[in-house]
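Here's the letter readout for the chains.
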Amino acid sequence: MADAVKLCRGQDQTLFPFFNWALGQPELAYWAVDGLLKTGPASALPTLCRLACDQSRDVEVRAKAIKSLALYADQTFDRNLPADPGHWREDQLPLDVLLQWQRDGFPRGIGHSLPVAHPDLTQTRSALDRAAARLERLLARQRAMRQDAANPDNWLLPASEVALERVNRRWPLPAMYAEFLRKFSPRHVMVAGEGWVTGGLSLYGAEELEARQGGYAFNAVTGQPTADWPANMLVIADDGGDPYCVDLNAPRSGDGDVPVLAGVHGAGRWDFELFATSFLDFLSKVAP
């Protein structure tokens, strides 16, 4: 069904009855939502609003209808909800807003605003700015292929003052890495590439840095410290659970930079080896 939706041409109304039939089949309905919108939006809008309000249908199908309507009409029904409608709960379905939109005649909205990046990402002045700009170009290509405006990912954005204060209060960050977080903090960044074990490197931002130490420095469930984790190792990224860390005790270069070390999880003990001679070198390896 997903392939049928991709292959059909937009506004091909001859396929509308097929997708309308599939909408009534529990095993096909989730994917049929987009086929209905693609082949007959004028008729699909009221149909999908009724589906969203139908308590006899699966929550994920109702949520999918709302998410797809929001994307189609540049509306913001999906604000503050998971990118995957399959993770929405019934009590999260924004039915009041949806029905008001229907009463208003299904107007187009203005959509979600895009995040605002630091100006140094385009007006590069330093080696760090240039390295971040290379990474941004890579992420921009990934965003062009897939992006959920309600849950923007693969962005480099200035960190909030609250997050920076929390991070700096807990760790004596190397100056280069601290500057990177201040101006180019990764937001839900997964750098895709063949060189990574799992096909992508998860790069942490200031907002999530504390929580992402779970599974390394402490037990993510109980919060108890991990006995064999070196306290000087701060995890800044991972590749399928294999951590990449800055050594907070390492001697710092003149520009406040330190090496990045890589570890392997599941080996019974933590051993680290040099991955990059500096954080700048790390960025160059991530985005050549």
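Refer to the structure presented above.
So, a few notes on the structure that sits alongside this text.

What counts as what
Position numbers for residues start from 1 in each chain and track the written sequence from start to end. Note on the predicted model: pLDDT of at least 70 is required for a residue's local features to be given, and 80 or more for side-chain atom pairs to be given and counted; whole-chain, interface and lining totals, by contrast, use all residues. Here the side-chain values reflect all heavy atoms present in the structure, with hydrogen atoms and water set aside. Only DSSP runs of H or I with at least four residues qualify as helices, and only runs of E with at least two residues qualify as strands; both kinds are numbered from the N terminus onward. Only protein chains enter the calculation, and the probe is 1.4 Å; a residue is then buried if its accessible area is under 20% of its type maximum, exposed if over 50%, and partly exposed in between. It only takes one pair of heavy atoms within 4.5 Å for two residues to be counted as in contact. His residues and chain termini do not enter the charge count, which takes Lys and Arg as positive and Asp and Glu as negative. Lys charges are placed at NZ, Arg charges at CZ, Asp charges at CG and Glu charges at CD. Aromatic rings from Phe, Tyr and Trp, with only the six-membered ring used for Trp, were paired whenever their centres fell within 6.5 Å, and each pair was classed as stacked if the ring planes differed by under 30 degrees, edge-to-face if by over 60, and tilted otherwise. Only when the NZ of Lys or the CZ of Arg is both within 6 Å of the ring centre and within 35 degrees of the ring normal is a charge said to sit over the ring. By salt bridge we mean one thing: a side-chain nitrogen of Lys or Arg within 4 Å of a carboxyl oxygen of Asp or Glu. Directions are taken from the helix axis to each C-beta atom, and the arc is the one they span. Strands pair, by our definition, only if DSSP identifies at least two bridges between them. Under this scheme, a helix contributes an axis fitted over its contacting stretch, all axes are lines through C-alpha atoms, and angles between N-to-C directions fall in the 0 to 180 degree range. In the analysis that follows, any N or O atom pair within 3.5 Å is treated as a polar contact, provided that within protein one partner can donate a hydrogen and the other can accept it, and provided that, for residues neighboring in sequence, both atoms belong to side chains.

1. Remarks on the overall build of the protein
- Each helix and strand in the protein was counted, giving 10 helices and eight strands.
- Expressed as lengths along the three principal axes of its C-alpha atoms, the size of the protein is roughly 65 × 45 × 35 Å.
- Among the 288 residues that make up the protein, the fraction classed as buried is 47%.
- At a minimum sequence separation of 6, the contacts of the protein that also span at least 24 residues come to 56%.
- Counting 29 positive and 36 negative side-chain charges, the protein places the averaged centre of each group 5 Å from the other.

2. Things to note about the packing of aromatic side chains
- If you walk through the whole model with that rule in mind, you get 20 aromatic pairs.
- Each ring, one from F180 and one from F279, has its centre 5.0 Å from the other, and the planes form 65°; the classification is edge-to-face. One end of the pair, F180, is in helix α9 (residues 175–184); the other, F279, is in helix α10 (residues 279–286), and 99 residues separate them in sequence.
- Taking the centre distance of 5.7 Å and the plane angle of 50° together, the rings of Y216 and W229 count as tilted. One end of the pair, Y216, is in the loop between β4 (200–203) and β5 (233–239); the other, W229, is in the loop between β4 and β5, and 13 residues separate them in sequence.
- Cluster of aromatic residues (ring-pair linked, three or more members): Y177, F180, F184, W196, Y244, F275, F279 and F282.
- A cation sits over an aromatic face here: R108 above Y72, 5.4 Å from the ring centre.
- Against the face of W155 rests R143, its NZ or CZ located 3.8 Å from the ring centre.

3. Quick word on the pattern of salt bridges
- Within this structure, the stated rule accounts for 18 salt bridges.
- A salt bridge links K64 to D34, with the shortest nitrogen-to-oxygen separation between them at 2.8 Å. Remark: D34 occurs in helix α3 (residues 29–39) and K64 occurs in helix α5 (residues 59–73); sequence separation between them is 30 residues.
- Taking relative accessible area as the criterion, K64 reaches 11% and is therefore assigned buried.
- Overall, the relative accessible area of 25% leaves D34 in the partly exposed class.
- Between E208 and R212 there is a salt bridge, with the nearest N and O atoms lying 3.0 Å from each other.
- The structure contains a network of salt bridges with shared partners spanning D120, R125, D129, E179, R182 and K183.

4. Some details on α10
- What α10 keeps buried is the set F279, L280, F282, L283 and V286. Considered in projection along α10, the buried side chains sweep an arc of 155° and stay on one side of the axis.

5. Focus on the sheet that holds strand β3 (residues 189–192)
- As summarised here, the arrangement of the six strands in space is β3-β4-β5-β6-β7-β8, forming an open sheet in which the pairing is antiparallel. Pairing within the sheet leaves two strands with one partner each, and these edge strands are β3 and β8 (272–276). Averaged over all pairs of adjacent strands, the angle between strand axes in this sheet comes to 35°, irrespective of strand direction.
- Two elements, strand β7 (residues 260–263) and β8, share four bridges in a ladder whose sense is antiparallel. Note on β8: the bridge partner recorded for A262 is E273.
- Where helix α7 (residues 127–145) meets the sheet, it contacts β3 and β4, and its direction lies at approximately 90° from that of β3.
- Where α10 meets the sheet, it contacts β3, β4, β5, β6 (242–247), β7 and β8, and its direction lies at approximately 75° from that of β8.

6. Here we look at the environment of V5
- Here V5 lies in helix α1 (residues 2–7).
- Residue classification places V5 among the buried residues on the basis of a relative accessible area of 12%.
- Apart from the residues lying within four places of it in its own chain, the contact partners of V5 are F19, W31, D34, G35 and K38.

7. Some remarks on the environment of T124
- Within the element layout of this structure, T124 appears in the loop between α6 (95–103) and α7.
- A residue is classified by how much of its surface remains accessible, and T124, at 34% relative accessible area, is partly exposed.

8. Things to note about the side chain of D129
- Structurally, D129 can be placed in helix α7.
- A polar contact is formed between the side chain of D129 and the backbone nitrogen of R125, at a distance of 3.0 Å.
- The contacts of D129, once residues within four sequence positions are left out, are D120, T124, K183 and F184.

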